[in-house]
Amino acid sequence: APAGGMLDTIILGAGMAGLNTAWLLEQQGQKVMVLEARQRVGGRVFTLLDQPGTPEMGFNAMAAGYGRGIDAAKRAGVELYDVAPRYRAAGGMALVLDGKPLTREQWAASPLNPFPAPFKTAMPWEIVNKIVAAKTPLADWTEWTDPKNAALDVSLRDFLKSQGLSDPAITLAYDTAPYYGTSAFDVSALMLEFNDGFIKTQALAGPQSLAVKGGNSRLPMAMAKLLKGDLLLGKEAVGIVSEADAASVRCADGSTYRAKRIVCALPFAVMRRIKFAPGLSGVQAQAVATLGTQPLSAAFFTIKSRYWDVDTLNPSMWTDGFAGTVQAQLFGTTDSEVTGLMVQGRGTLARYWDRLGKPAALELITHSIEAARPAAKGQISPVTLHSWESEQFSAGAWAVFGPGQVHTLAPTMAAPAGRIHFCGEHTATGARGLEGALESSERVAIEVLSA
Ligand SMILES: Cc1cc2nc3c(=O)[nH]c(=O)nc-3n(C[C@H](O)[C@H](O)[C@H](O)COP(=O)(O)OP(=O)(O)OC[C@H]3O[C@@H](n4cnc5c(N)ncnc54)[C@H](O)[C@@H]3O)c2cc1C
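Because the structure is predicted, anything quoted here is derived from the model rather than measured. (Residues numbered from 1 in each chain as written. Predicted model: local features only at pLDDT ≥ 70, side-chain atom pairs only at ≥ 80, totals over all residues. Heavy atoms only, no water.)

Thoughts on the pairing of strand β9 (residues 237–242)
Line of reasoning, step 1. Most of β9 sits out of view: 5 of its 6 residues are buried.
Line of reasoning, step 2. Both β9 and strand β10 (residues 247–251) contribute to a ladder of 5 bridges, which runs antiparallel. What sits directly across from Ala237, in β10, is Cys251.
Line of reasoning, step 3. Of the pairings in the sheet, the one linking β9 to strand β12 (residues 275–277) comprises 3 bridges and is parallel in character. Following the sheet pairing, Ile240 is matched in β12 by Phe276. (Buried < 20%, exposed > 50% of the residue type's maximum accessible area, 1.4 Å probe, protein only. Helix = DSSP H or I, 4+ residues; strand = E, 2+ residues; numbered from the N terminus. Pairing = 2+ DSSP bridges.)

Written out as structure tokens, the structure reads:
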């Protein structure tokens, strides 16, 4: 790297996208600096390293076809291992409706079951993905953002209705625990069709789910160590200026930094609080102001005894109550030891937990689990609750394109604005999640180098 002189590029955000952008630019001889608002790197990759089984509050696992993620792990010297056998050992989830457990057979025959004949025996959480996988009208999933697919950029609710699901069926199968938005009205069907294509393609690479030994946070921590330039923590960017021959960033602590270019590796929802000069315009301004993000909160519980051996119900549960979804964690030294429970609230439930506040929410979750299965009484202890939506430096778990937003925003929203460039999970078009964050860092690095 050239000594002294102006920085080539300042990267805002030390999540996977920002860290990888910094590394790629350094490999090309650039002098870079990374500014991160939090006191830790990794962003949405966040492991509780001091808890049993090192629970993951954010990113869980790479699919077998995550070429970029696997490469980053290799380069950073962290070991990946296959957690798919542990997911399988967890053995699915028990269905708990109205506080009462139901077997698959009981559910199929239940008067509460609102699903049409072919789906009577499916569990509520299986239905939407099954329908999308079988009926997706998107000819080539890699072209999901192409304006030629504008007619498919409708709400998931419209798509599910067209496939014969009733409103009560959509409410139960989707809105109870949505992965995108708070209901099927909030998300474009194209988002689920893109997801479906990505998952099917990943499956071709193999059945593995790869996580980092000792906790996923070790990956961004090791990637940060590969950088030669400065990585400063506690640096919240609040103002960005693009000038004729340089760009500068002002941080909340009053410090300012200048470089030839700035890369914002930040979710758009957090960029709403950053002042840009000149202001962002057109589709980009609209995307920063309106692109949705996912309300999702995760609570970790430790356990005192194997109460599921007493009530013979799966420790993992999908509920329509205040406990949301409960996933047994099997991350001990053997792949059958349960190291705790990860309780997830998505959509309106995540927001309800936020309104209650953490202690009250953890108490409510505890009572809900104990009410559904009395054998758990006194056997589970809440450790912490993490709300991705209310965390100001994440503002949600991931981007959610609403109906109409895929073809209007996605194709151009990440274009450079003067000397400012944009990357991050929400700007990926060929991959999702962590692999998408890395994909976006490659695109932005090429953009900066060829500018
Ligand atoms: C619960 C959960 C489960 C997930 N599971 C999976 C999974 O199994 N597989 C998968 O592939 N993906 C998964 N993901 C998604 C994956 O974690 C993300 O797509 C990826 O980590 C996003 O990386 P990023 O760099 O784009 O954004 P981030 O990780 O959000 O990085 C942005 C960084 O910018 C920082 N920042 C914010 N504001 C400022 C500011 N003003 N100034 C300076 N810095 C700032 C943040 O602190 C953060 O470090 C999951 C995410 C969540 C939340």
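A few points about the environment of Glu79
Line of reasoning, step 1. With respect to the secondary-structure elements, Glu79 resides in the loop between α2 (67–76) and β4 (80–82).
Line of reasoning, step 2. Given a relative accessible area of 48%, Glu79 falls into the partly exposed group.
Line of reasoning, step 3. C-alpha separation for the pair Glu79 and Gly324, spaced 245 residues apart in sequence, amounts to 32 Å.
Line of reasoning, step 4. Not counting residues up to four positions away in its chain, the partners in contact with Glu79 are Ala211, Val212 and Lys213. (Contact = heavy atoms within 4.5 Å.)

Some points on the pattern of salt bridges
Line of reasoning, step 1. Within the structure shown, the criterion is met by 20 salt bridges.
Line of reasoning, step 2. For the salt bridge of Arg68 with Glu435, the shortest nitrogen-to-oxygen distance reads 3.6 Å. With a gap of 367 residues between them, Arg68 in helix α2 and Glu435 in helix α16 (residues 433–449) connect regions that are remote in the sequence.
Line of reasoning, step 3. Classification of Arg68 by relative accessible area gives partly exposed; the value is 27%.
Line of reasoning, step 4. A salt bridge links Glu143 to Lys148; its shortest N-O distance comes to 2.6 Å. (Salt bridge = Lys/Arg side-chain N within 4 Å of Asp/Glu carboxyl O.)

Digging into α2
Line of reasoning, step 1. Buried within α2 we find Gly69, Ala72, Ala73 and Ala76. All buried residues of α2 lie within an arc of 100 degrees about the axis, which places them on one face of the element.
Line of reasoning, step 2. On its buried face, α2 sits against β3 (62–63), β4, α9 (218–225) and α16. (Arc of directions from axis to C-beta.)

Remarks on the site of the ligand
Line of reasoning, step 1. The local shell around the ligand holds 37 residues, among which Glu36, Arg44, Tyr66, Glu425 and Leu434 are the closest.
Line of reasoning, step 2. In the environment of the ligand, an oxygen atom lies 2.6 Å from a nitrogen or oxygen atom belonging to the side chain of Tyr66.
Line of reasoning, step 3. Considering the ligand on its own, with 1000 Å² of exposed area, one finds that the protein chains cover 95% of that surface.
Line of reasoning, step 4. At the level of secondary structure, the elements contributing two or more residues to the shell around the ligand comprise α1 (16–27) and α16.
Line of reasoning, step 5. Sort the elements by how many residues they give to the shell around the ligand and α16 lands first, with 3 residues. (Near = heavy atom within 4 Å. Polar contact = N/O pair within 3.5 Å; in protein donor to acceptor, adjacent residues only side chain to side chain. Areas by Shrake-Rupley, 256 points an atom, 1.4 Å probe, with all protein chains shown as cover.)

A look at the packing of aromatic side chains
Line of reasoning, step 1. In total, this model carries 13 aromatic pairs according to the counting rule given.
Line of reasoning, step 2. Note on Phe276 and Phe422: the rings are 6.4 Å apart at their centroids and 45 degrees apart in plane angle, and the pair reads as tilted. Residue Phe276 is located in strand β12, and its partner Phe422 is located in strand β20 (residues 420–422); the two are separated by 146 residues in the primary sequence. Judged on exposure class, the residue Phe276 and its partner Phe422 are both buried.
Line of reasoning, step 3. Put simply, the rings of Tyr66, Trp141, Trp144, Phe194, Phe198 and Phe401 pair up and form one aromatic cluster.
Line of reasoning, step 4. Against the face of Phe46 rests Arg40, its NZ or CZ located 4.0 Å from the ring centre. (Phe/Tyr/Trp six-rings, centres within 6.5 Å; stacked < 30°, edge-to-face > 60°. Lys NZ or Arg CZ within 6 Å of the ring centre and 35° of its normal.)

Points about the sheet that holds strand β16 (residues 325–329)
Note: strands within a sheet are paired through backbone hydrogen bonds, in either parallel or antiparallel orientation.
Line of reasoning, step 1. What the 7 strands build is an open sheet, ordered β6-β5-β15-β16-β17-β14-β18; its pairing is mixed. Single-partner strands in this sheet number two, and they are β6 (100–102) and β18 (380–387). Here the strands of the sheet are splayed against their neighbours by 25 degrees on average, with no regard to which way each runs.
Line of reasoning, step 2. Direction of pairing for β16 relative to strand β17 (residues 340–346): antiparallel, over a ladder of 5 bridges. Bridge assignment links Ala328 to a residue of β17, and that residue is Leu341.
Line of reasoning, step 3. Lying over the sheet, helix α13 (residues 348–356) contacts β14 (296–303), β17 and β18, oriented at roughly 105 degrees with respect to β17. (Axes fitted to C-alpha atoms, helices over the stretch in contact; angles between N-to-C directions.)

Structural measurements only, silent on function.
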